[in-house]
Amino acid sequence: MYFNNKKLALSIFWVVLGLTLFILSVAEVLDDSVYAGMGAALAVIGALQIWRNLKYRRDPEYREKIDIEAGDERNKTIRMQSWAWTGYLFILVAAIASVVAYFMGQLVVQQTLCYSICFMLVVYWLANVILNKRM
């Protein structure tokens, strides 16, 4: 239920893309060394996802554990509250950091933080309006 063939194919794609980026960077076809690191990271993450997918298919105990984690209402509630706390903390930390950046004369940083706060609040407001109409 949790893993399917599309996820396995996507994981294989990430490995192939990662290895391609890494090889092209090492062969100096791509100039920036960032591509080597990004390629290696994509390949490792794809390989780990393939390993998880195959383990899910072969190990019934692991499959039951993952299915419970994915479908349990308590876990869903905890994840939703974690996102809510993350939003609150981001807004507060970014607001404090924007004031500090303003006093330090870092106007670009201050504006970026203020725009991020504004964007988050607009998204929150839109989500609130949409969810209130649905429920």
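This section reports on the structure supplied with the text.

Our focus in this paragraph is the overall build of the protein chain. In terms of regular secondary structure, the protein chain is built from five helices and zero strands. When the elements of the protein chain are put in sequence order from the N terminus, they spell out α-α-α-α-α. Taking 14 Å as the expected radius of gyration for a compact globule of 135 residues, we find that the protein chain reaches 21 Å, considerably beyond that expectation. Taking the principal axes of the C-alpha coordinates as reference, the protein chain spans close to 55 × 50 × 25 Å. The 135 residues of the protein chain split such that 16% are buried. Contacts in the protein chain between residues far apart in sequence, at least 24 positions, make up 51% of those at least 6 positions apart. Taken as a whole, the protein chain presents about 10700 Å² of accessible surface, with 69% of it coming from carbon and sulfur. Charge separation in the protein chain, taken as the distance between the mean sites of 13 positive and 10 negative side-chain charges, equals 9 Å.

Here helix 2 (residues 34-58) spans 36 Å end to end across 25 residues, near enough to the 36 Å set by a 1.5 Å rise per residue. Burial in helix 2 covers these residues: Ala36, Gly39, Ala43, Gly46, Asn53 and Tyr56. In this structure, the buried side of helix 2 is in contact with helix 1 (5-26) and helix 3 (60-71).

Another aspect to go through is the state of the cysteines. What makes a disulfide is a covalent bond joining the sulfur atoms belonging to two cysteines. One pass over the full model with this rule turns up zero disulfides. The thiol sulfur of Cys114 is not disulfide-bonded, and the nearest other cysteine sulfur, from Cys118, lies at 9.0 Å. The class of Cys118 is partly exposed, set by a relative accessible area of 45%.

Attention shifts here to the side chain of Asn53. Mapped onto the fold, Asn53 is located in helix 2. Only 2.7 Å separates the side chain of Asn53 from the side chain of Arg57, close enough to count as a polar contact.

The rules behind these values
- Residues numbered from 1 in each chain as written.
- Predicted model: local features only at pLDDT ≥ 70, side-chain atom pairs only at ≥ 80, totals over all residues.
- Heavy atoms only, no water.
- Helix = DSSP H or I, 4+ residues; strand = E, 2+ residues; numbered from the N terminus.
- Rg over C-alpha atoms; globule rule 2.2 N^0.38 Å.
- Buried < 20%, exposed > 50% of the residue type's maximum accessible area, 1.4 Å probe, protein only.
- Contact = heavy atoms within 4.5 Å.
- Areas by Shrake-Rupley, 256 points an atom, 1.4 Å probe, with all protein chains shown as cover.
- Lys, Arg positive; Asp, Glu negative; His and termini not counted.
- Charge placed at Lys NZ, Arg CZ, Asp CG, Glu CD.
- Expected span 1.5 Å × (residues − 1).
- Disulfide = S-S within 2.5 Å.
- Polar contact = N/O pair within 3.5 Å; in protein donor to acceptor, adjacent residues only side chain to side chain.

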